[in-house]
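Per-entry structural report
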Amino acid sequence: MDDSILEVVDLSVEFSTYGGVVQAVRGVSFSVPRGETLAIVGESGCGKSVTVQSIMGLIPMPPGRITAGSAKLNGRELLGLSAKETNEFRGTEIGMIFQDPMTSLNPTMTIGDQIAETLMVHRGQSYGSAARTAVELMEKTKIPEAGRRVKQYPFEFSGGMLQRSMIAMSLACNPSILIADEPTTALDVTIQAQILELMLELQRTENMSIILITHDLAVVARMADEVRVMYGGQIVESGSVEQIFYESAHPYTLGLREAMPSNRGDLTRQLAPIEGTPPDLFDPPKGCGYFARCPHAMKLCEADPPVEFVVTKTPQHRASCWLQHSMAPGVSSVRQSHHSEGTDDG
């Protein structure tokens, strides 16, 4: 895409363990449009966090190893940089919000000092200047009484306030991309809504791109422009948020939708869990990774890895599933049965 700020192509990451080699990410490709939100969705262990951490240079090497692929930020290759070169873009050009702010912040430093430290290291500001900017950033993320709060420690903040502090820290150097790794997991629903609204507001005012890592489809529906669905270390479906929700093509995406609670339609409908377990990434399946759990699997799926098919008239909606082959029954009838049962994912 001409307006993409980040291009990831054929990224593969593995980890050496006592039990063998875990192929955590297998040939992942995606692009992040400028000023838009890309959501990477999937259940725990599918490889979504490892994908973004490898781009940020945050996976330990060893045991981790990037075996293939490319990740370019504004045309600059990020993979294979030295530690010094990585620190130049990490925090300045790409910011990151981690899943648990309590374990991501230093408990021995005040919130203000931790934000100021980022500015001193990456922008060369004096402590006094960085401290004043820290207060401004906390005000921008709507932390009340920022002048007083800036002197407090992490244990004195609630979960929502800690996450706002993490957002303030990630915005300190005006990054082009903000990576949010499960930013609302540890928060109650009211605070979740506030954090998501804050991220959307900051995206508009700062013109940032956002990569949202989540397993929560409700968050995706509210935040995302584009979606990539991951399973077993691979992207199995990609498209706009409307296409993923209303024209789902991969059985795994349909399964995620069926497991999503709704306050509309038939209130007696029970959630339908995805039976079985994810594939063993010590020895990934030869064919489709979803074969063992797929209710529509064909014999072909077990031995032959599916190619990527264009699903709808728009080329960006694609799915790696043999059901999209012209000679296969397809998932249109399955999708129709989901709608007839009163499922409403809006």
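Residues numbered from 1 in each chain as written. Predicted model: local features only at pLDDT ≥ 70, side-chain atom pairs only at ≥ 80, totals over all residues. Heavy atoms only, no water.

**Remarks on the packing of aromatic side chains**
Stated precisely, the cut-off is as follows: Pairing of aromatic side chains requires ring centres within 6.5 Å, counting the rings of Phe and Tyr and the six-membered ring of Trp. Pairs whose planes differ by under 30 degrees are stacked, by over 60 edge-to-face, and all others tilted. Under the scheme applied here, a residue whose accessible area is under 20% of the maximum for its type counts as buried, over 50% as exposed, and between as partly exposed, the area being computed with a 1.4 Å probe on protein chains only. Only DSSP runs of H or I covering at least 4 residues are called helices, and only runs of E covering at least 2 are called strands; the numbering of each starts at the N terminus.
Counted according to the given criterion, the structure contains five aromatic pairs. With a centroid separation of 6.4 Å and an interplanar angle of 20 degrees, the aromatic rings of tyrosine 153 and phenylalanine 155 are classed as stacked. Classification of tyrosine 153 by relative accessible area gives partly exposed; the value is 32%. The exposed category is assigned to phenylalanine 155, whose relative accessible area is 63%. Both rings, one in tyrosine 231 and one in tyrosine 290, keep their centres 5.1 Å apart while their planes meet at 85 degrees; by these two values the pair is edge-to-face. Residue tyrosine 231 is found in strand E9 (residues 226–231), and its partner tyrosine 290 is found in the loop between helix H11 (251–258) and helix H12 (299–303); the two are separated by 59 residues along the sequence. Tyrosine 290 carries the same exposure label as tyrosine 231, and that label is buried. Cluster of aromatic residues (ring-pair linked, three or more members): Tyr231, Tyr252 and Tyr290.

**Points about the sheet that holds strand E7 (residues 177–181)**
The cut-off we apply is this: By the convention used here, strands pair only if DSSP detects at least 2 bridges between them. Fitted lines through C-alpha atoms serve as axes, helices being fitted only where they are in contact, and the angles separating the N-to-C directions of these axes extend from 0 to 180 degrees. Contacts are residue-level and defined by heavy atoms, with any inter-residue pair within 4.5 Å sufficient.
Strand order across the open sheet formed by eight strands is E6-E7-E8-E3-E9-E10-E12-E11, with mixed pairing between neighbours. Strands at the two margins of the open sheet, each flanked by one partner only, are strand E6 (94–97) and strand E11 (308–310). When the angles between neighbouring strand axes are averaged without regard to direction, this sheet yields 20 degrees. Here five bridges tie E7 to strand E8 (residues 209–214), and the two strands are oriented parallel to one another. The residue of E8 that forms the bridge with isoleucine 177 is serine 209. Against the sheet, helix H1 (residues 48–56) makes contact with strand E3 (37–41), E6, E7, E8 and E9, and its axis sits at roughly 140 degrees relative to E8, the strand it touches most.

**Things to note about the packing of helix H4 (residues 111–123) against helix H7 (residues 159–170)**
Note the cut-off: Here is the rule for angles: anything less than 35 degrees is roughly parallel, anything more than 145 is roughly antiparallel, 65 through 115 is roughly perpendicular, and the remaining ranges are oblique. Left-handed describes a crossing in which the near helix is turned anticlockwise from the far one by less than a right angle; the clockwise case is right-handed. When residues are sorted by character, Ala, Val, Leu, Ile, Met, Phe, Trp, Tyr, Cys and Pro go into the nonpolar class, Asp, Glu, Lys and Arg into the charged class, and all the rest, Gly among them, into the polar class.
Two numbers describe how H4 lies on H7: the axes approach to 9 Å, and their chain directions differ by 20 degrees. Of the possible angle classes, the one that applies to H4 and H7 is roughly parallel. Crossing of H4 over H7 shows right-handed handedness. From H4, Ile111, Gln114, Ile115 and Thr118 reach across to H7, where they touch Leu162, Ser165, Ala168 and Met169. Taken together, the residues of the contact of H4 with H7 break down into five nonpolar, three polar and no charged.

Function-wise, these values are silent; they only describe arrangement.
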